[in-house]
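Analysis of the macromolecular model
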Amino acid sequence: MKSILKSFIAGIVIIAIGAGIIIATLAANDWSFRGPDFEMKTYTEQNENSTDKIKVGAGILKTEFYDGDKIEIIYPDSKAYKNGLEEPDGTLSFDSSIKWYASVFSFGLWNAPETVVRLPANRTLNISLDMNAGKVELAAGNYGRIDADVSAGTLSATGINCSKLDCDVSAGTVHVNNAVCPDIEIDISAGTLKLGVNGKKSEYTVKVDVSAGTCNLSDQTGTTDKRLFVDCSAGTVKVDFSE
């Protein structure tokens, strides 16, 4: 009887905590279950930075090249988001995260406008991506180094030309087509990566370390100093070359 009573009391406590979270969430969201209203804002870099560092909590983010000379970030702002922008040490850093109540009940994720990062076409910039649960699309064009840390989102790109492509995928998906990259590093924990390289396979020195995942490549010595390293723990890696 005592154990039943204790279980009943524990159940009441859990229900009370859940009700408190729902009330706090609704209060923070203007007592509504609908998604919040968004205000589009534009940030223009103050300095000429060499790296654009982007952290995405959720939502859709795209890059595009344009004829201007400054990096511009056009992003949605609302009570559900916490957006941060700063320019330390030659890096324009944009951090867009979801507040706790929005992440618990998906407030702020419904019909959220996309974020657009506009890159000057006459500059070759490094891109650093840290993605938790969103969708990122990289525009075709010239980049410096691309570093992508994908936790549970989707990264797609076609026609990118970069000095180095470094992808670290935990449980997300990366699809890159028609890429020109002389230096490629892939670290897959439990995600999926499909990479189409515009170039000759014979030119690349390939090293593959597979634990419990799959990869369609095997070790080889290339005819140039180009390299492709793959560390696959429990995911899937598929790399195709144009030649």
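As a reminder, the structure under discussion sits directly above these lines.
Presented here is a report on the structure given in the accompanying data block. (Residues numbered from 1 in each chain as written. Predicted model: local features only at pLDDT ≥ 70, side-chain atom pairs only at ≥ 80, totals over all residues. Heavy atoms only, no water.)

Some thoughts on the environment of Val-117
Relative to the assigned elements, Val-117 resides in strand E6 (residues 115–120). Through-space distance from the C-alpha of Val-117 to that of Tyr-43 is 9.6 Å; in sequence the pair is 74 residues apart. Among all residues touching Val-117, those that are not within four sequence positions of it are Asp-52, Ile-54, Leu-61, Lys-62, Thr-63, Glu-64, Ile-71, Glu-72 and Ile-73. (Helix = DSSP H or I, 4+ residues; strand = E, 2+ residues; numbered from the N terminus. Contact = heavy atoms within 4.5 Å.)

Comments concerning the pattern of salt bridges
Inspection of the entire model under this criterion finds 14 salt bridges. A salt bridge links Asp-166 to Arg-145; the nearest nitrogen and oxygen atoms lie 3.5 Å apart. Remark: Arg-145 occurs in strand E9 (residues 145–150) and Asp-166 occurs in strand E12 (residues 164–169); sequence separation between them is 21 residues. For Asp-166, a relative accessible area of 18% puts it in the buried group. The class for Arg-145 is partly exposed, based on a relative accessible area of 32%. When salt bridges with common partners are traced through the structure, they connect Lys-62, Glu-114, Lys-135 and Glu-137 into a single cluster. (Salt bridge = Lys/Arg side-chain N within 4 Å of Asp/Glu carboxyl O. Buried < 20%, exposed > 50% of the residue type's maximum accessible area, 1.4 Å probe, protein only.)

Some thoughts on a negative patch on the surface
The grouping of Asp-187, Asp-209, Asp-219 and Asp-231 at the surface amounts to a negative patch. Locating Asp-219 in the fold gives a position in the loop between strand E17 (214–215) and strand E18 (226–232). (Patch = residues over 30% accessible without salt bridge, like charges linked within 9 Å, V, L, I, M, F, W, Y side chains within 5 Å. Areas by Shrake-Rupley, 256 points an atom, 1.4 Å probe, with all protein chains shown as cover. Lys, Arg positive; Asp, Glu negative; His and termini not counted. Charge placed at Lys NZ, Arg CZ, Asp CG, Glu CD.)

A few points about the nonpolar core
Judged by nonpolar contacts, the single largest core of 48 residues is most densely connected at Ile-186, Leu-195 and Leu-228. Among residues more than four places away in sequence, those in contact with Leu-195 are Leu-165, Val-176, Ala-179, Ile-184, Ile-186, Lys-238, Val-239 and Asp-240. (Core = buried A, V, L, I, M, F, W, Y, C linked by side-chain atoms within 4.5 Å.)

A word on the packing of aromatic side chains
On inspection of all chains with the given rule, the structure shows 3 aromatic pairs. Consider the rings of Tyr-204 and Phe-241, whose centres lie 5.4 Å apart with planes at 50°: the pair is tilted. Highlighted residues: Tyr-204 in strand E16 (residues 204–210) and Phe-241 in strand E19 (residues 236–241), separated in sequence by 37 residues. Side by side, Tyr-204 and Phe-241 carry an identical accessibility label, which is buried. Positioned over the ring face of Tyr-66 is Arg-118, at 4.0 Å from the centre of the ring. Above the face of the Phe-229 ring, Arg-227 is positioned so that its terminal group lies 4.3 Å from the ring centre. (Phe/Tyr/Trp six-rings, centres within 6.5 Å; stacked < 30°, edge-to-face > 60°. Lys NZ or Arg CZ within 6 Å of the ring centre and 35° of its normal.)

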